[in-house]
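Descriptive analysis of the structure
Residues per chain, in single letters:
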Amino acid sequence: MTQAEDELEDSSAPLIEHLAELRTRLIRSAIAFIIAVFICFYFAGEIFDFLKQPVCDAMAERMQSCNLQMIRLQDGFFVQIRIAMLAGFALAFPVIGFQLWRFVAPGLYRSERSAFLPFMVSSPAMFLLGAAFCYYIVIPLAYDFFLGFQDFGGSVPAGETADGDQVAAGSGSVVFQGSISEYLSLTITFVMAFGICFQLPVLLTLLGKAGLVSAAGLAAVRKYAVVAILVLAGIVTPPDIFTQVILFVAVYGLYEISIFLVARVERKRTARLRAEGILDEDEEF
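Below or above, wherever it landed, is the structure these notes cover. What you see is a predicted model, and the numbers here were worked out from it, not measured in a lab.

Moving on: the packing of helix H4 (residues 75-104) against helix H6 (residues 180-197). Direction vectors running N to C along H4 and H6 enclose 20 degrees, while the axes themselves pass 9 Å from each other. Comparing their axes, H6 and H4 come out roughly parallel. Across the interface between the two elements, Asp75, Gly76, Val79, Arg82, Ile83 and Leu86 from H4 touch Ile180, Ser181, Leu184, Ser185 and Ile188 from H6.

This next bit is on helix H9 (residues 222-236). For H9, which comprises 15 residues, the first-to-last C-alpha distance of 21 Å matches the rise-based estimate of 21 Å (1.5 Å per residue) to within 8%. Every buried residue of H9 is listed here: Ala225, Ile229 and Ala233. What you see down the axis of H9 is that its buried residues fit within an arc of 75 degrees, all on one side. For H9, the exposed residues set more than 90 degrees away from the buried face come down to Lys223, Tyr224 and Ile235.

A cluster of basic residues, Lys209, Arg264, Arg267 and Lys268, forms a positive patch on the protein surface. On the basis of relative accessibility, which here comes to 40%, the residue Lys209 falls in the partly exposed class.

Here we come to the state of the cysteines. Considering all chains together, one arrives at one disulfide under this definition. Between the sulfur of Cys56 and that of Cys66 lies a disulfide, 2.0 Å long from S to S. Between Cys56 and Cys66 the sulfur-sulfur dihedral comes to about -60 degrees; the bridge is accordingly left-handed. With Cys56 in helix H3 (residues 53-61) and Cys66 in the loop between H3 and H4, this residue pair connects regions lying ten residues apart in the sequence. What makes Cys56 buried here is its relative accessible area of 13%. The thiol sulfur of Cys134 is not disulfide-bonded, and the nearest other cysteine sulfur, from Cys197, lies at 9.6 Å. For Cys134, a relative accessible area of 0% translates into the label buried. For Cys197, a relative accessible area of 11% gives the class buried.

The next point concerns unusual backbone geometry. In the Ramachandran plot, Met63 falls in the positive-phi region, its phi being about 60 degrees despite a non-glycine side chain. Take Met63: its relative accessible area is 44%, and that puts it in the partly exposed class.

One finds Phe48, Val55, Phe190 and Phe194 to be the most contacted residues of the largest nonpolar core, which totals 46 residues. With ten residues, helix H5 (residues 110-147) is the largest single contributor of residues to this core.

The rules behind these values
Residues numbered from 1 in each chain as written. Predicted model: local features only at pLDDT ≥ 70, side-chain atom pairs only at ≥ 80, totals over all residues. Heavy atoms only, no water. Axes fitted to C-alpha atoms, helices over the stretch in contact; angles between N-to-C directions. Helix = DSSP H or I, 4+ residues; strand = E, 2+ residues; numbered from the N terminus. Parallel < 35°, antiparallel > 145°, perpendicular 65-115°, else oblique. Contact = heavy atoms within 4.5 Å. Expected span 1.5 Å × (residues − 1). Buried < 20%, exposed > 50% of the residue type's maximum accessible area, 1.4 Å probe, protein only. Arc of directions from axis to C-beta. Patch = residues over 30% accessible without salt bridge, like charges linked within 9 Å, V, L, I, M, F, W, Y side chains within 5 Å. Areas by Shrake-Rupley, 256 points an atom, 1.4 Å probe, with all protein chains shown as cover. Salt bridge = Lys/Arg side-chain N within 4 Å of Asp/Glu carboxyl O. Lys, Arg positive; Asp, Glu negative; His and termini not counted. Charge placed at Lys NZ, Arg CZ, Asp CG, Glu CD. Disulfide = S-S within 2.5 Å. Core = buried A, V, L, I, M, F, W, Y, C linked by side-chain atoms within 4.5 Å.

Dropping the structure here:
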């Protein structure tokens, strides 16, 4: 066997070991996800009741019964599947994230591991914070705004429905009786949008740690960031100025927090380089 063949054989062994390790991590993640999906499928009804609570509260204020419809025969089944998949991924994410970390960590230096691990923890935490902010603050305002476009100009008198719910007078014209599938899609869109928006400090801090952005650079483009956030608020939220202002204040506040976090990263890095003698006392990185 030639020297080149020996080198090829030596390099292929670690690759096979990495692939075997990756397969093991993927199998464990898949098992955790499947178990979580079955658990969440069993509780899909309770999860959907939680998700529809904002619109039910908004309808109750208008003395309307909260009856979402199955427009297609298969809607109920596929809604439960979607809930089980999304909630199952959220439930299994600690296991999936741990498996990802165990696969990546051996290839990182100690300093890289200490830098990467906080982002593995803060990213899902910020997503949950954004989702909670959306569910408890933005969604009730948005759905109340949407329900304001109902037409109560009919002549149906006030009374009770077959379920015993009170119905306001004149509620027989154009009222909301939405599809459970469409409602779930709209709610998930809101939650995902705000969860992703709340990743802004994590993303910019990570880029700052990698040296790709700086606090001075982020501060210099602040006026462009304001315009971008305003456009984002107009796209994500309904045409309700109050909801748009809430989103703008939240995301812009996260942008300012990102500048502070990047500046803190830069100060720590400069102090470390000065302690190592790479920078002089009056030098900046």
